[in-house]
Each structure stands twice: as C-alpha cells, then as structure tokens.
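Summary of structural features
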Amino acid sequence: MKQYKNFIDGKLMDSKSGRTFENRNPANWGEIVGVFPKSNVEDLNMAVEVAKKAYQKWRAVPWPARSEIMRKVAEIMIAKKEELSQLMTREMGKVIKETRGDTQEGIDTALYASIEGRKHYGYTLPSELPNKSCKTIREPLGVWGLITPWNFPIAIPTWKIFPCLLSGNTAVIKPATYTPACVGALAQIFQEAGLPAGVLNVVYGGGSEVGEAILNHPDIVGVSFTGSSDIGKRIGEVCGKTLKRCSLELGGKNGQVVLKDANLELALEGVLWGAFGTTGQRCTATSRLILEAPIYDKFIDMLKVRVEALKLGNGLNEDIDVGPLVSESQRESIHGYVEIGKKDGARMVTGGELYEQGECEKGWFYKPTIFVDVLPTMRIAQEEIFGPVLSVLKAKDFNEAISILNNTIYGLSSAIYTCDLNLAHKAIELAETGIVYINAPTIGAECHLPFGGMKNTGNGHREGGWTAYEIFTEIKTVYIDYSGSLQKAQIDT
Ligand code: NAD
Ligand code: MN
C-alpha cells in the first residue's frame with residue numbers, strides 16, 4: 001500500500017489537515033491501492049500561491065520549448081503504459097484493455113500537444129487603412145483549477161493538463177477521490193520530463209472542500225471541470241460571481257438508433273460496446289437503444305443472447321468483458337434505477353441484480369441489464385444512469401426515432417446505424433448532440449477532434465483537438481500603424 005502526498009512546487013507534501021483517505025479497488029474492496037491526503041483550503045492556497053509565482057516564468061518560455069517537455073512526457077508514458085494501465089484498473093475497475101486505451105489517449109494528447117506548440121496559429125487580417133497591419137495572438141491566462149471525474153483517470157486529466165500548460169498557464173488539479181493515483185503518477189512523470197516546479201500541482205481531497213476552495217480562490221482565473229451536470233451548474237454559478245472563465249463537460253443520455261435497413265450485426269457489436277464498455281460508466285455510454293419497429297423483436301433477441309454471454313470479473317484478467325461499478329454507492333444507485341424502471345412499467349429481459357459469484361463477491365459487480373418497451377417519458381429513458389443498464393425504445397419510423405433521440409436534456413453523443421446515405425445525412429443534420437457517429441457506437445472519441453456536447457452537457461466549449469486551446473487562451477488583437485501619422489479608424493471619421 002502506497003502513501004501518496006500532495007504535489008506542490010515540485011515537492012511531495014502531507015496535508016496541513018493531517019487527515020487521509022483510502023483509494024480502494026472496486027473489484028476487490030479489501031485491497032487498498034493507496035492512502036491520500038485529505039486536503040483542506042490551506043493546502044489549496046499554498047498550491048495556488050506557488051502556481052502564481054511559477055506562471056511568470058513559465059509563460060515566458062517559448063511554445064516550442066514547452067511542447068518539448070510534453071513530448072518527453074509522452075515518451076515516459078509510452079515506457080510506463082502497462083504500469084499505468086494496471087494501476088488504473090486497480091483503482092477504477094475497468095478492464096485492462098480499456099485502461100490501456102485510456103492511457104493511450106493520454107499519450108496521444110501529449111503528442112498532439114508536442115506538435116501544437118509549433119503551429120500555434122493566429123490570424124493576420126487586412127486593415128481598413130493604409131500602412132497598418134492587424135493580427136491576433138493567443139496568450140495564457142494564469143492559474144487554472146482543473147477538476148476531474150473518476151471514469152477516465154488519465155485521459156480526462158490529460159485533456160485538460162496538456163492544453164492548459166502548453167498554452168503557458170499553470171495549474172492546480174484535484175482528481176476524483178475514487179481515482180487519485182493515476183494523476184499522482186502523471187505528476188511524477190511531468191517532473192521526470194523536466195517540467196519546472198510549481199507549473200503543475202496536485203491537491204487531493206473532496207469536492208466540497210478542495211473543489212469549493214478552487215472555485216472561490218481569487219487568484220484562480222479559470223476552472224475546467226468534467227463531471228455531473230448538478231455539480232457543473234454549481235461550478236458555473238460560483239465562477240460567474242467572479243467572472244472566472246469556466247469550461248464544463250457534463251452528463252449524457254446518449255442514444256443509438258438502428259434503422260430497419262441497418263447492418264444488424266454491426267449495430268449489435270456497436271451497442272454491446274457502447275452500453276456495457278466501462279460498465280456503462282462513460283459520459284458517452286449508450287444508455288438508450290432506439291429501434292425501428294420492423295426489426296424491434298429480432299434485434300432484442302439477438303442482443304439478449306450476447307449480453308448474457310458477457311463475462312464479469314476482475315479487469316486485470318485479459319478475458320473479462322465487464323468490470324465492477326466504481327463503488328458500492330454507485331451500485332446502489334444503479335440498482336435503484338432498475339427498481340424505478342420496473343415500477344414505471346418497463347419490461348426487464350435480463351440482469352437486474354447484483355453479481356456476487358466467486359471472486360466477484362469481493363467487489364461491486366452488477367449484471368448487465370436490458371429494459372425493453374421503455375417509453376420516452378420514463379425516468380430510465382431520461383436520467384443518466386451511469387451503469388450497465390440499457391433502455392430499449394421502439395420508433396415507428398425515422399422521424400420518430402430522431403425525435404426520441406433528441407428527447408433528452410442532454411446532448412453529448414449519438415449513433416445512427418443505417419445503410420441509407422440520405423437518412424444518414426438527415427440524421428447528422430437533426431441530431432442535437434455535439435458528437436454524431438454513423439455506423440459506429442456512441443463512444444470512441446479521438447484526441448485530435450473537438451469533444452463536448454450541446455444542451456445540459458456543457459456550456460459550449462469543446463475539449464480535444466485545437467478547440468481545447470481556445471479554452472485555455474485569451475485572444476489579444478494587435479494593430480500596428482506604420483504610417484507615422486494619426487490615422488483614425490473608419491468609425492471615427
Ligand atoms: P461528480 O460531478 O460527482 O464529480 C466530479 C468532480 O467534481 C470530482 O473531482 C468531485 O470531487 C468534484 N466536486 C464535487 N463537488 C464539487 C464542488 N461542490 N465544487 C467543486 N468540485 C466538486 O462526477 P463523477 O461522479 O466523478 O463523474 C461522473 C459524471 O461525470 C457523470 O455525470 C458523467 O456523465 C460526467 N462525465 C462527463 C464527461 C464529459 O466530457 N462530458 C466525461 C466523463 C464524465
Ligand atoms: Mn479507487
């Protein structure tokens with residue numbers, strides 16, 4: 001069992017509070033992955049102070065020099081990929097194939113940053129006047145607070161850390177308490193790669209203490225948050241009071257539509273992966289399956305067989321398909337939704353109970369569950385469940401399928417399976433989601449493309465790709481007059 005410490009100014013430090021919390025393995029709750037400081041506002045204040053000081057030097061380092069450190073981080077991550085992935089499976093529960101993917105996403109994001117540092121474009125534009133040039137440049141803002149969830153313990157922190165730091169900002173990150181170890185390992189890698197002390201600081205602890213302290217700190221200029229919509233609203237509200245910049249990546253209630261002409265085998269693989277990968281604990285998880293009436297019964301029969309064959313267990317074993325839920329309370333919440341589904345009149349065709357066979361008794365396993373005959377108004381069709389529970393809805397035709405797809409407060413990801421080119425294009429136009437997949441599941445983001453959602457899924461920003469750099473930089477507009485005389489802009493003459 002490892003004792004972790006906060007990482008502040010390049011040094012490992014205990015919390016001033018003297019308190020700690022345990023990070024446990026959800027597949028084997030008796031196993032403690034690490035003990036972490038349960039920090040308080042004093043720890044956070046110290047981290048912000050050093051980050052503020054480090055900012056003055058870091059912002060002056062040229063972009064390509066900063067990106068060179070990101071490349072070194074990528075190299076170390078590649079060398080440690082298996083170690084990081086195993087640590088992630090132990091602290092979070094998802095299967096090793098997926099944690100390797102999560103780590104790889106972090107590596108790719110680092111490599112993207114290492115290139116972005118040499119192509120940090122601005123605009124040059126013509127002036128209304130002679131002998132005058134105009135351009136825009138992008139600059140860092142200062143100290144950021146980064147607050148992350150537990151379901152992607154490396155990918156999501158790196159989506160924030162790399163663009164934030166490459167842009168010349170400094171940061172304090174507070175990872176989720178279920179999965180703090182991966183961020184601890186990342187901080188160590190940044191130090192090995194030569195990141196100056198104070199540029200990246202890690203403060204472990206709870207949302208109501210360290211999280212709130214981040215939101216309320218006057219020297220934090222921006223908050224980048226990924227998590228639930230409820231907490232996201234709170235964050236937007238507090239940041240609004242002091243006009244902090246704030247980017248929010250929140251919940252989803254993603255749907256996969258299968259039209260009657262679709263390749264059903266392909267659609268089946270898609271929904272299995274989309275709904276039960278990461279045990280349904282992805283913001284982009286397929287939570288609703290919308291089937292066109294003519295294929296409804298047939299597809300459900302095919303699906304039931306495959307879902308019942310999924311193997312549950314400790315994700316460190318290569319042949320396991322589905323790991324545990326992250327915690328006992330998450331499992332209770334999932335089971336609560338199953339009870340709600342039954343009470344509301346949906347028909348459960350498989351699952352619906354805890355899974356405690358053999359070794360699984362030691363963790364928070366739940367049987368993959370399918371509800372059919374779900375109506376769009378039911379709670380299991382509306383609320384984010386965040387577990388291995390799929391709600392199946394019937395649509396009489398394409399138009400009804402799209403209207404069901406859009407009948408949610410969320411707008412992250414959607415998938416449409418069809419071989420009809422016209423319907424595919426129409427669906428792309430009509431889907432109210434930030435990400436649309438055609439003939440691919442609702443999950444599977446690539447790091448060089450914008451990621452984020454519409455409606456209650458966020459506040460209009462996009463992480464990933466070049467758009468992440470828009471979050472973490474400020475635009476400066478520059479006019480250079482080389483006429484040698486006072487030229488008034490058109491507006492003033
Ligand atoms: P959560 O909202 O409970 O917590 C997220 C983070 O916020 C944690 O680090 C937590 O400690 C912190 N926090 C809690 N209260 C806070 C407060 N008052 N002030 C500041 N920080 C606070 O979410 P979770 O359970 O960790 O993650 C699951 C949720 O995240 C789901 O809703 C999922 O859809 C969402 N998610 C969204 C995306 C996306 O990109 N859209 C990606 C992954 C997860
Ligand atoms: Mn854990």
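Refer to the structure above for everything that follows.
Per chain, residue numbering runs from 1 following the sequence as it is written. Lettering for chains starts from A, numbering for ligands starts from 1, and both go in the order in which the items are written. Under the rules for a predicted model, residues below a pLDDT of 70 receive no local features and side-chain atom pairs below 80 are neither given nor counted, while totals for whole chains, interfaces and linings still include all residues. Only hydrogens and water are removed before side-chain values are computed, so all heavy atoms of the structure are retained for them.

What follows deals with the overall build of the protein. Starting at the N terminus, helices and strands are each numbered in turn, a helix being any DSSP run of H or I of at least four residues and a strand any DSSP run of E of at least two. Regarding its fold elements, the protein presents 15 helices and 22 strands. With C-alpha atoms as the basis for the radius of gyration, the globule rule is written as 2.2 Å multiplied by the number of residues raised to the power 0.38. In terms of overall size, the protein behaves like a compact globule, its C-alpha atoms giving a radius of gyration of 24 Å where 493 residues would be expected to give roughly 23 Å. Across its three principal directions, the C-alpha atoms of the protein cover 80 × 60 × 40 Å. Counting every position in the protein, which comprises 493 residues, the buried fraction comes to 56%. Long-range contacts, defined as pairs at least 24 residues apart, comprise 74% of the intrachain contacts of the protein with a sequence gap of at least 6. Of the roughly 20300 Å² of accessible surface on the protein, a fraction of 53% belongs to carbon and sulfur atoms. Distance between charge centres in the protein, computed from 54 positive and 58 negative side chains, equals 5 Å. Here's how the labels work: a residue is buried when its accessible area is under 20% of the maximum for its type, exposed when over 50%, partly exposed in between, all with a 1.4 Å probe on protein chains only. For this analysis, residues touch if any pair of their heavy atoms sits within 4.5 Å. Each accessible area is a Shrake-Rupley estimate made with a 1.4 Å probe; only the visible protein chains count as cover when residues are assessed. Here Asp and Glu are counted as negative and Lys and Arg as positive; His is not counted, and neither are the chain ends. To locate a charge, take atom NZ for lysine, CZ for arginine, CG for aspartate or CD for glutamate.

Right, let's get into the packing of helix α3 (residues 81-92) against helix α6 (residues 181-192). To obtain an axis, a line is fitted to C-alpha atoms, over the contacting stretch when the element is a helix, and the angle between two such axes runs from 0 to 180 degrees between their N-to-C directions. Interhelical geometry of α3 versus α6 gives an angle of 155° and a closest axis separation of 9 Å. By the angle class used here, α3 and α6 are roughly antiparallel. In contact with Leu84, Leu87, Met88 and Glu91 of α3, α6 contributes Ala181, Cys182, Ala185 and Ile189. Tallied by class, the residues present in the contact of α3 with α6 amount to 7 nonpolar, no polar and 1 charged. With respect to orientation, any angle under 35 degrees is reported as roughly parallel, any angle over 145 as roughly antiparallel, any angle of 65 to 115 as roughly perpendicular, and every other angle as oblique. Under the grouping applied here, Gly and all other residues not named as nonpolar or charged are polar, the nonpolar ones being Ala, Val, Leu, Ile, Met, Phe, Trp, Tyr, Cys and Pro and the charged ones Asp, Glu, Lys and Arg.

Another point: the pairing of strand β7 (residues 132-139). Strands are treated as partners if at least two bridges between them are detected by DSSP. One ladder, built from 2 bridges, connects strand β6 (residues 124-125) with β7; its direction is antiparallel. Residue pairing for β7: Leu125 is matched across the bridge by Cys134. Hairpin connection from β6 to β7: 6 residues lie between these consecutive antiparallel strands, with Asn131 at a positive phi of about 55°.

The next subject is the coordination of the manganese ion (ligand 2). Donor criterion used throughout: N, O or S atom within 2.8 Å of the metal, extended to 3.2 Å for Na, K and Ca. Water excluded; incomplete-looking sites may result. In the first shell of the manganese ion (ligand 2), the protein supplies Asn23 (OD1), Arg24 (O), Glu91 (O) and Tyr178 (O), at 2.2 to 2.6 Å from the metal. Of note, the donors binding the manganese ion (ligand 2) are all from one chain and are spaced N-R-x66-E-x86-Y. Residue Arg24 is located in strand β4 (residues 20-25), and its partner Glu91 is located in helix α3; the two are separated by 67 residues in the primary sequence. According to the relative accessible area criterion, Arg24 is partly exposed, its value standing at 21%.

What follows deals with helix α11 (residues 328-343). Helix length check: α11, at 16 residues, gives a terminal C-alpha distance of 23 Å against a target of 22 Å (1.5 Å per residue), a fit within 8%. Gln330, Arg331, Ile334, Tyr337, Val338, Ile340 and Gly341 are the residues of α11 that are buried. Those residues of α11 that are buried are in contact with β15 (347-350), β16 (369-372), α12 (379-382) and β17 (389-395). Following α11 by one or two positions, Gly345 adopts a phi angle in the positive range, close to 100°. Expected helix span is computed as 1.5 Å times (number of residues minus one).

Bringing the site of ligand 1 into the picture now. Residues in contact with ligand 1 amount to 26 residues; listed here are only the nearest, Thr148, Glu212, Ser228, Leu250 and Glu384. In protein, a polar contact means a hydrogen-donor-capable atom and an acceptor-capable atom, both N or O and within 3.5 Å, with residues adjacent in sequence counting only if both atoms are side-chain atoms; elsewhere, any N or O pair within 3.5 Å suffices. Note that an oxygen atom of ligand 1 is positioned 2.5 Å from one of the side-chain N or O atoms of Glu384. Taking 850 Å² as the accessible area of ligand 1 by itself, protein coverage stands at 88%. Examining the composition of the shell around ligand 1, we find that 4 residues originate from one element, helix α7 (residues 207-216), more than from any other. Bear in mind that the domain bounds are from an automatic or database domain assignment. Formed jointly, the shell around ligand 1 draws a minimum of three residues from each of two domains, domain 1 (2-250 + 458-477) and domain 2 (254-438). The cutoff for a nearby residue is simple: one of its non-hydrogen atoms must lie within 4 Å of the molecule or strand.

Two elements in contact, helix α4 (residues 96-116) and helix α5 (residues 155-166), have axes separated by 8 Å at closest approach and are oriented at 15°. It follows from the interaxial angle that α4 and α5 lie roughly parallel. Of the two elements, α4 crosses α5, and the hand of that crossing is right-handed. Residues Asp102, Glu105, Gly106, Thr109, Ala110, Ala113 and Glu116 of α4 pack against Ala155, Thr158, Trp159, Phe162 and Leu166 of α5. Partitioned by chemical class, the residues of the contact of α4 with α5 number 6 nonpolar, 3 polar and 3 charged. Here a crossing is called left-handed whenever its near helix is offset anticlockwise from the far helix by less than a right angle, and right-handed whenever the offset is clockwise.

Spatially, 3 strands are ordered β1-β5-β4 in an open sheet, and the strand pairing comes out mixed. Looking along the sheet, the strands with just one partner apiece sit at the ends: β1 (2-3) and β4. Here β4 runs beside strand β5 (residues 28-37); their pairing, made up of 6 bridges, is antiparallel. Note that in β5 the partner of Asn25 across the bridge is Asn28. Helix-sheet contacts for α3 involve β4 and β5, and the interaxial angle to β4 is about 100°.

Okay, the sheet that holds β17 next. If you walk across this open sheet you meet the 7 strands as β15-β16-β17-β14-β13-β19-β20, and the pairing is mixed. Two strands bound the open sheet, and with one partner strand each, they are β15 and β20 (435-438). Going from strand to strand, the sheet's axes swing by 25° on average, the running direction of each strand aside. As paired strands, strand β13 (residues 254-258) and strand β19 (residues 413-417) are joined by 4 bridges and run parallel to one another. When the sheet's bridge partners are listed, Gln256 is paired in β19 with Ala415.

All right, on to the environment of Arg245 then. In this structure, Arg245 sits in strand β12 (residues 245-249). Accessibility expressed as a relative area gives 22% for Arg245, which makes it partly exposed. C-alpha of Arg245 to C-alpha of Ser224: the two residues are 21 residues apart in sequence and 8.3 Å apart in space. Setting aside anything within four residues of it in sequence, one finds Arg245 in contact with Leu141, Trp144, Val221, Gly222, Val223, Glu470, Ile471, Phe472, Thr473 and Glu474. Within the structure, Arg245 has its side chain in polar contact with the backbone oxygen of Ile471 (distance 2.8 Å).

Once that is clear, we can look at the side chain of Asn6. You can see Asn6 is positioned in strand β2 (residues 6-8). Polar side-chain contacts of Asn6 include one of 2.9 Å to the side chain of Ser39. From its side chain, Asn6 meets the backbone nitrogen of Tyr204 in a polar contact 2.9 Å long. When near neighbours in sequence (up to four residues on either side) are disregarded, Asn6 contacts Lys11, Leu12, Met13, Ser15, Pro37, Ser39, Asp43, Val202, Val203 and Tyr204.

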